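Breakdown of the fold
Take a look at the letters that make up each chain.
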Amino acid sequence: METNLRIDITVEDICKGFVYNEYEGKGLFGLSGKLTIQPEYQRNYIYADGKKDVAVVDSLLKGYPLGLIYFTKVAEDKYEVLDGQQRITSFGRFVTGKFAIKDANGIPHYFSGLAEDQKEKIMKSKLTIYECEGTETEIKEWFKTINIAGVPLNDQELSNAIHSGPFVTLAKEEFSNSQNANVQKWSAYIAGSPLRQEFLKTALDWVSKGNIDAYMSRHRYDTNITELKSYFNSVIDWISSVFDDVDSSMRGLDWGRLYEKYHRNAYNPQEVSKKVQALLSDYYVNDKKGIYEYILGGCVDHKLLNIRVFNEPTKKSVYTKQTAEAKLKGHSNCPLCALGSDNNKTRIWKQTEMDADHVTAWSNGGATDVSNCQMLCKTHNRAKGNR
Ligand SMILES: [Zn+2]
(Lines give C-alpha, C1' and ligand atoms only; values in the text may rest on other atoms or scores of the structure.)
Protein backbone atom coordinates (compact mmCIF):
# COMPACT_ATOMS: atom_id res chain seq x y z
CA MET A 1 0.00 0.00 0.00
CA GLU A 2 1.29 3.45 -0.90
CA THR A 3 0.78 6.51 1.26
CA ASN A 4 1.17 10.18 0.49
CA LEU A 5 1.09 12.88 3.18
CA ARG A 6 -0.99 15.98 2.37
CA ILE A 7 -0.92 19.09 4.56
CA ASP A 8 -2.33 21.58 2.05
CA ILE A 9 -6.03 20.69 2.22
CA THR A 10 -8.11 23.09 4.35
CA VAL A 11 -11.47 22.84 6.05
CA GLU A 12 -12.76 25.20 3.37
CA ASP A 13 -11.62 22.84 0.62
CA ILE A 14 -13.39 19.90 2.22
CA CYS A 15 -16.57 21.92 2.82
CA LYS A 16 -16.90 22.79 -0.86
CA GLY A 17 -19.90 20.77 -2.01
CA PHE A 18 -20.40 19.30 1.46
CA VAL A 19 -23.57 17.25 1.58
CA TYR A 20 -25.01 15.85 4.78
CA ASN A 21 -28.02 13.57 4.83
CA GLU A 22 -30.04 14.19 8.02
CA TYR A 23 -32.37 11.33 7.22
CA GLU A 24 -29.68 8.68 7.03
CA GLY A 25 -27.44 10.45 9.53
CA LYS A 26 -24.36 10.64 7.40
CA GLY A 27 -22.11 13.04 5.61
CA LEU A 28 -21.95 12.10 1.97
CA PHE A 29 -19.64 14.23 -0.15
CA GLY A 30 -17.09 17.03 0.02
CA LEU A 31 -13.97 18.44 -1.63
CA SER A 32 -15.93 19.69 -4.64
CA GLY A 33 -17.41 16.24 -5.22
CA LYS A 34 -14.05 14.47 -5.22
CA LEU A 35 -14.44 13.03 -1.73
CA THR A 36 -16.94 10.41 -0.58
CA ILE A 37 -17.28 10.92 3.15
CA GLN A 38 -19.21 7.79 3.93
CA PRO A 39 -18.25 4.78 1.88
CA GLU A 40 -20.42 1.76 2.58
CA TYR A 41 -18.02 0.26 5.09
CA GLN A 42 -18.13 3.34 7.31
CA ARG A 43 -20.39 3.65 10.27
CA ASN A 44 -23.13 6.20 10.76
CA TYR A 45 -22.37 9.63 12.13
CA ILE A 46 -22.38 9.43 15.93
CA TYR A 47 -20.76 12.73 16.91
CA ALA A 48 -24.02 14.74 16.78
CA ASP A 49 -24.40 14.77 20.55
CA GLY A 50 -23.64 18.42 21.28
CA LYS A 51 -20.28 17.41 22.79
CA LYS A 52 -18.06 15.52 20.37
CA ASP A 53 -19.20 17.63 17.43
CA VAL A 54 -18.75 20.85 19.42
CA ALA A 55 -15.31 19.66 20.57
CA VAL A 56 -14.22 19.36 16.93
CA VAL A 57 -15.23 22.97 16.21
CA ASP A 58 -13.60 24.15 19.46
CA SER A 59 -10.34 22.51 18.45
CA LEU A 60 -10.38 24.36 15.13
CA LEU A 61 -11.11 27.70 16.83
CA LYS A 62 -8.24 27.15 19.25
CA GLY A 63 -5.88 26.07 16.48
CA TYR A 64 -5.49 22.54 17.85
CA PRO A 65 -4.82 19.76 15.36
CA LEU A 66 -7.73 17.42 14.61
CA GLY A 67 -5.44 14.43 14.36
CA LEU A 68 -4.57 12.32 11.39
CA ILE A 69 -7.14 11.80 8.69
CA TYR A 70 -6.87 8.97 6.18
CA PHE A 71 -8.23 9.02 2.64
CA THR A 72 -8.09 6.16 0.21
CA LYS A 73 -7.55 6.99 -3.41
CA VAL A 74 -10.15 5.05 -5.37
CA ALA A 75 -9.53 6.65 -8.81
CA GLU A 76 -7.74 9.67 -10.25
CA ASP A 77 -8.98 12.61 -8.15
CA LYS A 78 -11.51 10.40 -6.32
CA TYR A 79 -11.15 9.72 -2.62
CA GLU A 80 -12.98 8.01 0.21
CA VAL A 81 -12.58 8.77 3.89
CA LEU A 82 -11.00 5.81 5.61
CA ASP A 83 -10.64 7.44 9.01
CA GLY A 84 -11.84 10.92 9.95
CA GLN A 85 -15.41 10.69 8.85
CA GLN A 86 -16.81 11.78 12.22
CA ARG A 87 -14.51 14.82 12.43
CA ILE A 88 -15.11 15.89 8.83
CA THR A 89 -18.87 15.49 9.19
CA SER A 90 -18.76 17.54 12.40
CA PHE A 91 -17.08 20.59 10.88
CA GLY A 92 -19.02 20.17 7.64
CA ARG A 93 -22.31 20.24 9.51
CA PHE A 94 -21.19 23.26 11.52
CA VAL A 95 -20.08 25.26 8.50
CA THR A 96 -23.38 24.47 6.77
CA GLY A 97 -25.41 25.69 9.75
CA LYS A 98 -26.65 22.37 11.15
CA PHE A 99 -25.74 23.10 14.77
CA ALA A 100 -24.53 25.93 16.99
CA ILE A 101 -21.74 26.25 19.55
CA LYS A 102 -22.14 28.20 22.79
CA ASP A 103 -19.82 31.02 23.82
CA ALA A 104 -18.55 31.67 27.38
CA ASN A 105 -21.90 33.27 28.26
CA GLY A 106 -23.89 30.28 27.02
CA ILE A 107 -25.18 32.10 23.94
CA PRO A 108 -25.45 29.83 20.90
CA HIS A 109 -23.70 30.84 17.68
CA TYR A 110 -24.17 29.33 14.28
CA PHE A 111 -21.29 29.52 11.82
CA SER A 112 -22.98 32.36 9.93
CA GLY A 113 -23.13 34.40 13.15
CA LEU A 114 -19.45 34.07 14.07
CA ALA A 115 -17.03 37.01 13.81
CA GLU A 116 -15.20 37.13 10.48
CA ASP A 117 -11.83 36.27 12.04
CA GLN A 118 -13.33 33.17 13.68
CA LYS A 119 -14.91 32.04 10.43
CA GLU A 120 -11.58 32.58 8.74
CA LYS A 121 -9.77 30.62 11.42
CA ILE A 122 -12.00 27.59 10.91
CA MET A 123 -12.01 27.72 7.12
CA LYS A 124 -8.25 28.18 6.73
CA SER A 125 -7.38 25.38 9.18
CA LYS A 126 -5.14 22.87 7.46
CA LEU A 127 -5.70 19.18 7.93
CA THR A 128 -3.13 16.43 8.10
CA ILE A 129 -4.19 13.80 5.62
CA TYR A 130 -2.67 10.56 4.50
CA GLU A 131 -3.76 9.47 1.05
CA CYS A 132 -3.50 5.72 0.76
CA GLU A 133 -3.64 3.58 -2.32
CA GLY A 134 -4.04 -0.18 -2.16
CA THR A 135 -6.25 -3.12 -2.88
CA GLU A 136 -9.65 -3.41 -1.23
CA THR A 137 -8.36 -6.24 0.94
CA GLU A 138 -5.30 -4.27 2.05
CA ILE A 139 -7.38 -1.26 2.91
CA LYS A 140 -9.98 -3.20 4.82
CA GLU A 141 -7.38 -5.17 6.71
CA TRP A 142 -5.78 -1.91 7.69
CA PHE A 143 -9.10 -0.31 8.54
CA LYS A 144 -9.63 -3.17 10.95
CA THR A 145 -6.44 -2.40 12.79
CA ILE A 146 -6.45 1.38 13.06
CA ASN A 147 -8.14 2.83 16.07
CA ILE A 148 -10.64 5.47 15.01
CA ALA A 149 -9.95 8.65 17.00
CA GLY A 150 -12.30 9.08 19.92
CA VAL A 151 -14.68 6.15 19.62
CA PRO A 152 -13.23 2.74 18.68
CA LEU A 153 -15.22 0.58 16.30
CA ASN A 154 -17.31 -2.07 18.01
CA ASP A 155 -17.52 -5.67 16.78
CA GLN A 156 -20.50 -5.14 14.52
CA GLU A 157 -19.00 -2.02 12.94
CA LEU A 158 -15.87 -4.03 12.16
CA SER A 159 -17.94 -6.87 10.71
CA ASN A 160 -19.77 -4.35 8.52
CA ALA A 161 -16.40 -3.13 7.27
CA ILE A 162 -15.05 -6.61 6.62
CA HIS A 163 -18.17 -7.88 4.84
CA SER A 164 -19.07 -4.62 3.11
CA GLY A 165 -21.21 -5.00 0.04
CA PRO A 166 -24.82 -4.80 -1.08
CA PHE A 167 -26.10 -6.96 1.78
CA VAL A 168 -24.58 -4.74 4.49
CA THR A 169 -25.82 -1.62 2.72
CA LEU A 170 -29.42 -2.92 2.63
CA ALA A 171 -29.23 -4.28 6.16
CA LYS A 172 -28.00 -0.95 7.49
CA GLU A 173 -30.82 0.90 5.72
CA GLU A 174 -33.26 -1.27 7.64
CA PHE A 175 -31.62 -1.76 11.03
CA SER A 176 -29.15 1.11 11.51
CA ASN A 177 -31.47 3.94 10.65
CA SER A 178 -32.79 5.78 13.69
CA GLN A 179 -35.48 7.36 11.49
CA ASN A 180 -37.03 3.96 10.80
CA ALA A 181 -40.56 4.14 12.22
CA ASN A 182 -40.17 0.68 13.78
CA VAL A 183 -37.21 1.62 15.94
CA GLN A 184 -39.37 2.61 18.88
CA LYS A 185 -41.21 -0.69 18.89
CA TRP A 186 -37.97 -2.66 18.56
CA SER A 187 -36.40 -0.67 21.41
CA ALA A 188 -38.82 -2.32 23.82
CA TYR A 189 -36.99 -5.62 23.29
CA ILE A 190 -33.54 -4.69 21.99
CA ALA A 191 -30.88 -2.83 23.95
CA GLY A 192 -28.48 -0.32 22.44
CA SER A 193 -28.70 2.07 19.55
CA PRO A 194 -29.35 1.55 15.85
CA LEU A 195 -26.54 3.98 15.02
CA ARG A 196 -23.98 1.83 16.84
CA GLN A 197 -25.26 -1.17 14.87
CA GLU A 198 -26.72 -2.91 17.91
CA PHE A 199 -30.08 -3.54 16.23
CA LEU A 200 -28.40 -4.94 13.14
CA LYS A 201 -26.20 -7.09 15.36
CA THR A 202 -29.29 -8.45 17.13
CA ALA A 203 -31.10 -9.19 13.86
CA LEU A 204 -28.04 -11.01 12.53
CA ASP A 205 -27.50 -12.85 15.79
CA TRP A 206 -31.07 -14.16 15.74
CA VAL A 207 -31.16 -15.32 12.14
CA SER A 208 -27.66 -16.83 12.28
CA LYS A 209 -28.14 -18.43 15.73
CA GLY A 210 -25.06 -16.60 16.92
CA ASN A 211 -22.81 -17.10 13.88
CA ILE A 212 -22.87 -13.51 12.66
CA ASP A 213 -19.65 -13.42 10.66
CA ALA A 214 -20.32 -16.70 8.87
CA TYR A 215 -23.80 -15.48 7.93
CA MET A 216 -22.52 -12.12 6.71
CA SER A 217 -19.82 -13.74 4.66
CA ARG A 218 -22.31 -16.14 3.04
CA HIS A 219 -24.76 -13.36 2.16
CA ARG A 220 -22.23 -10.65 1.38
CA TYR A 221 -23.19 -10.22 -2.27
CA ASP A 222 -26.93 -10.83 -1.83
CA THR A 223 -29.06 -8.03 -3.23
CA ASN A 224 -31.87 -8.59 -0.75
CA ILE A 225 -32.24 -9.03 3.01
CA THR A 226 -35.52 -10.93 2.86
CA GLU A 227 -34.53 -13.76 5.17
CA LEU A 228 -32.91 -11.45 7.73
CA LYS A 229 -35.94 -9.19 7.80
CA SER A 230 -38.61 -11.86 7.92
CA TYR A 231 -36.89 -13.84 10.65
CA PHE A 232 -36.42 -10.67 12.70
CA ASN A 233 -40.06 -9.70 12.24
CA SER A 234 -41.21 -13.20 13.22
CA VAL A 235 -39.35 -12.93 16.51
CA ILE A 236 -40.66 -9.43 17.24
CA ASP A 237 -44.24 -10.39 16.35
CA TRP A 238 -44.00 -13.48 18.51
CA ILE A 239 -42.78 -11.49 21.55
CA SER A 240 -45.53 -8.92 21.22
CA SER A 241 -48.21 -11.56 20.71
CA VAL A 242 -47.23 -13.53 23.83
CA PHE A 243 -46.45 -10.56 26.08
CA ASP A 244 -49.07 -7.82 25.98
CA ASP A 245 -47.13 -5.53 28.30
CA VAL A 246 -43.82 -3.83 27.71
CA ASP A 247 -41.41 -3.49 30.61
CA SER A 248 -37.80 -2.31 30.69
CA SER A 249 -36.76 -5.73 31.99
CA MET A 250 -37.59 -7.18 28.54
CA ARG A 251 -34.90 -5.14 26.83
CA GLY A 252 -31.83 -7.02 25.65
CA LEU A 253 -33.06 -10.53 26.48
CA ASP A 254 -31.87 -13.36 24.26
CA TRP A 255 -35.18 -13.34 22.38
CA GLY A 256 -33.82 -15.24 19.40
CA ARG A 257 -33.04 -18.25 21.58
CA LEU A 258 -36.36 -17.95 23.45
CA TYR A 259 -38.21 -17.80 20.15
CA GLU A 260 -36.49 -20.95 18.86
CA LYS A 261 -37.21 -22.81 22.07
CA TYR A 262 -40.78 -21.74 22.81
CA HIS A 263 -42.55 -20.36 19.74
CA ARG A 264 -44.31 -23.66 19.02
CA ASN A 265 -46.09 -23.57 22.38
CA ALA A 266 -49.49 -21.91 22.83
CA TYR A 267 -49.88 -19.20 25.45
CA ASN A 268 -52.82 -17.24 26.74
CA PRO A 269 -51.66 -13.61 26.65
CA GLN A 270 -54.09 -12.53 29.40
CA GLU A 271 -52.81 -15.17 31.81
CA VAL A 272 -49.23 -14.44 30.81
CA SER A 273 -49.80 -10.77 31.49
CA LYS A 274 -51.18 -11.49 35.00
CA LYS A 275 -48.15 -13.63 35.82
CA VAL A 276 -45.72 -11.04 34.51
CA GLN A 277 -47.31 -8.30 36.59
CA ALA A 278 -47.34 -10.46 39.73
CA LEU A 279 -43.68 -11.44 39.35
CA LEU A 280 -42.54 -7.91 38.46
CA SER A 281 -44.00 -6.65 41.72
CA ASP A 282 -42.81 -9.63 43.80
CA TYR A 283 -40.18 -8.43 46.27
CA TYR A 284 -38.61 -11.90 46.43
CA VAL A 285 -37.89 -12.07 42.70
CA ASN A 286 -34.34 -10.76 42.34
CA ASP A 287 -33.91 -11.34 38.63
CA LYS A 288 -36.71 -9.57 36.78
CA LYS A 289 -35.15 -10.49 33.44
CA GLY A 290 -35.66 -14.15 34.25
CA ILE A 291 -39.44 -13.73 34.49
CA TYR A 292 -40.08 -14.18 30.77
CA GLU A 293 -38.33 -17.48 30.28
CA TYR A 294 -39.73 -18.68 33.61
CA ILE A 295 -43.26 -18.13 32.30
CA LEU A 296 -42.53 -19.45 28.81
CA GLY A 297 -41.17 -22.64 30.37
CA GLY A 298 -44.33 -23.21 32.43
CA CYS A 299 -43.28 -21.59 35.76
CA VAL A 300 -41.20 -24.49 37.02
CA ASP A 301 -37.58 -23.36 36.89
CA HIS A 302 -37.41 -21.06 39.92
CA LYS A 303 -33.65 -20.66 39.49
CA LEU A 304 -34.37 -18.24 36.62
CA LEU A 305 -35.87 -15.81 39.10
CA ASN A 306 -32.97 -15.88 41.55
CA ILE A 307 -35.30 -15.78 44.55
CA ARG A 308 -34.07 -13.57 47.37
CA VAL A 309 -32.07 -15.48 49.99
CA PHE A 310 -32.13 -15.15 53.75
CA ASN A 311 -29.74 -12.52 55.07
CA GLU A 312 -27.02 -13.22 57.65
CA PRO A 313 -28.78 -11.75 60.74
CA THR A 314 -31.87 -13.89 59.96
CA LYS A 315 -29.78 -17.05 59.61
CA LYS A 316 -27.84 -16.28 62.77
CA SER A 317 -30.91 -15.70 64.90
CA VAL A 318 -32.74 -18.79 63.59
CA TYR A 319 -29.61 -20.91 64.14
CA THR A 320 -29.20 -19.68 67.73
CA LYS A 321 -32.83 -20.31 68.66
CA GLN A 322 -33.01 -23.70 66.92
CA THR A 323 -29.75 -24.90 68.51
CA ALA A 324 -30.73 -23.85 72.03
CA GLU A 325 -34.03 -25.72 71.73
CA ALA A 326 -32.37 -28.81 70.27
CA LYS A 327 -29.84 -28.97 73.13
CA LEU A 328 -32.67 -28.79 75.69
CA LYS A 329 -34.49 -31.67 74.01
CA GLY A 330 -31.30 -33.63 73.41
CA HIS A 331 -31.65 -34.04 69.64
CA SER A 332 -29.97 -32.64 66.55
CA ASN A 333 -30.33 -28.98 65.69
CA CYS A 334 -31.18 -30.07 62.11
CA PRO A 335 -34.90 -30.92 62.45
CA LEU A 336 -34.64 -33.54 59.67
CA CYS A 337 -31.61 -35.25 61.26
CA ALA A 338 -33.56 -35.26 64.54
CA LEU A 339 -36.26 -37.37 62.89
CA GLY A 340 -33.77 -39.97 61.70
CA SER A 341 -32.29 -42.97 63.43
CA ASP A 342 -28.56 -42.76 62.60
CA ASN A 343 -25.68 -41.11 64.50
CA ASN A 344 -26.75 -37.66 63.35
CA LYS A 345 -29.97 -37.91 65.39
CA THR A 346 -28.32 -36.04 68.25
CA ARG A 347 -25.66 -34.17 66.32
CA ILE A 348 -25.29 -30.45 66.91
CA TRP A 349 -24.10 -28.88 63.63
CA LYS A 350 -22.08 -25.67 63.46
CA GLN A 351 -23.76 -22.82 61.64
CA THR A 352 -21.22 -23.16 58.80
CA GLU A 353 -22.39 -26.74 58.33
CA MET A 354 -25.98 -25.65 57.77
CA ASP A 355 -27.99 -23.75 55.16
CA ALA A 356 -31.16 -21.68 55.41
CA ASP A 357 -34.33 -23.20 53.99
CA HIS A 358 -37.77 -21.83 53.20
CA VAL A 359 -40.23 -23.82 55.36
CA THR A 360 -42.96 -22.95 52.85
CA ALA A 361 -41.41 -22.65 49.39
CA TRP A 362 -41.41 -19.23 47.71
CA SER A 363 -43.49 -20.69 44.89
CA ASN A 364 -46.21 -21.59 47.43
CA GLY A 365 -46.24 -18.07 48.83
CA GLY A 366 -43.58 -18.53 51.54
CA ALA A 367 -41.80 -15.34 52.61
CA THR A 368 -38.04 -14.86 52.90
CA ASP A 369 -37.98 -13.79 56.56
CA VAL A 370 -37.47 -15.17 60.07
CA SER A 371 -41.00 -16.57 60.25
CA ASN A 372 -40.39 -18.88 57.27
CA CYS A 373 -36.73 -19.77 57.86
CA GLN A 374 -35.29 -23.00 59.21
CA MET A 375 -31.68 -24.10 59.29
CA LEU A 376 -30.98 -27.56 57.86
CA CYS A 377 -27.70 -29.46 57.65
CA LYS A 378 -26.23 -29.10 54.16
CA THR A 379 -27.14 -32.65 53.16
CA HIS A 380 -30.80 -32.28 54.06
CA ASN A 381 -31.03 -28.81 52.58
CA ARG A 382 -29.67 -30.07 49.27
CA ALA A 383 -32.06 -33.02 49.30
CA LYS A 384 -34.99 -30.72 49.95
CA GLY A 385 -33.92 -28.31 47.23
CA ASN A 386 -33.85 -31.10 44.68
CA ARG A 387 -37.41 -32.18 45.26
ZN1 LIG B 1 -29.93 -32.92 58.67
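This structure is a prediction, so every number in the text was calculated from the model and none was measured. (Residues numbered from 1 in each chain as written. Predicted model: local features only at pLDDT ≥ 70, side-chain atom pairs only at ≥ 80, totals over all residues.)

**Observations regarding the nonpolar core**
Here is the rule: Think of a nonpolar core as buried Ala, Val, Leu, Ile, Met, Phe, Trp, Tyr and Cys residues chained together by C-beta atoms that fall within 7 Å. To assign burial, the other C-beta atoms lying within 10 Å of each residue's own C-beta are counted, with C-beta atoms placed from the backbone; 20 or more indicates buried, 12 or fewer indicates exposed, and intermediate counts indicate partly exposed. For the purposes of this entry, the term helix denotes a DSSP run of H or I that reaches at least four residues, the term strand denotes a run of E that reaches at least two, and both are numbered from the N terminus. Working definition of a contact: two residues with C-beta atoms, positioned from the backbone, lying within 7 Å.
Residues Phe71 and Phe91 are the most contacted members of the largest nonpolar core, which totals 26 residues. It is helix 3 (residues 85–95) that contributes the most residues to this core, four residues altogether. Excluding residues within four positions of it along the chain, Phe91 makes contact with Val11, Val56, Val57 and Leu60. Ranked by size, the runner-up nonpolar core spans 21 residues in total, among them Ala171, Ile190, Ile225 and Tyr259.

**Regarding the packing of helix 11 (residues 226–242) against helix 12 (residues 255–262)**
Heads up, the rule is: Orientation is described by axes fitted as lines to C-alpha atoms, over the contacting stretch for helices, and by angles from 0 to 180 degrees between their N-to-C directions. The scheme is simple: roughly parallel for angles under 35 degrees, roughly antiparallel for over 145, roughly perpendicular for 65 to 115, oblique for anything else. Following the grouping adopted for this structure description, the nonpolar residues are Ala, Val, Leu, Ile, Met, Phe, Trp, Tyr, Cys and Pro, the charged ones are Asp, Glu, Lys and Arg, and the polar ones are all others, Gly among them.
Direction vectors running N to C along helix 11 and helix 12 enclose 75°, while the axes themselves pass 10 Å from each other. Considering their axes alone, helix 11 and helix 12 lie roughly perpendicular with respect to each other. Across the interface between the two elements, Val235, Trp238 and Ile239 from helix 11 touch Trp255, Gly256 and Tyr259 from helix 12. Residues that form the contact of helix 11 with helix 12 fall into these classes: five nonpolar, one polar and no charged.

**What about the domain arrangement of the chain?**
Stated precisely, the cut-off is as follows: Where each domain begins and ends follows an automated or database-derived domain assignment.
Looking at the chain, the domain boundaries give domain 1 (2–151), domain 2 (186–305) and domain 3 (312–385). In this structure, domain 1 and domain 3 have C-alpha centres spaced 69 Å apart.

**Section: the environment of Tyr221**
In this structure, Tyr221 sits in the loop between helix 10 (212–218) and helix 11. Considering only alpha carbons, one finds Tyr221 and Gly113, 108 residues apart in sequence, at a separation of 47 Å. When near neighbours in sequence (up to four residues on either side) are disregarded, Tyr221 contacts Gly165, Pro166 and Phe167.

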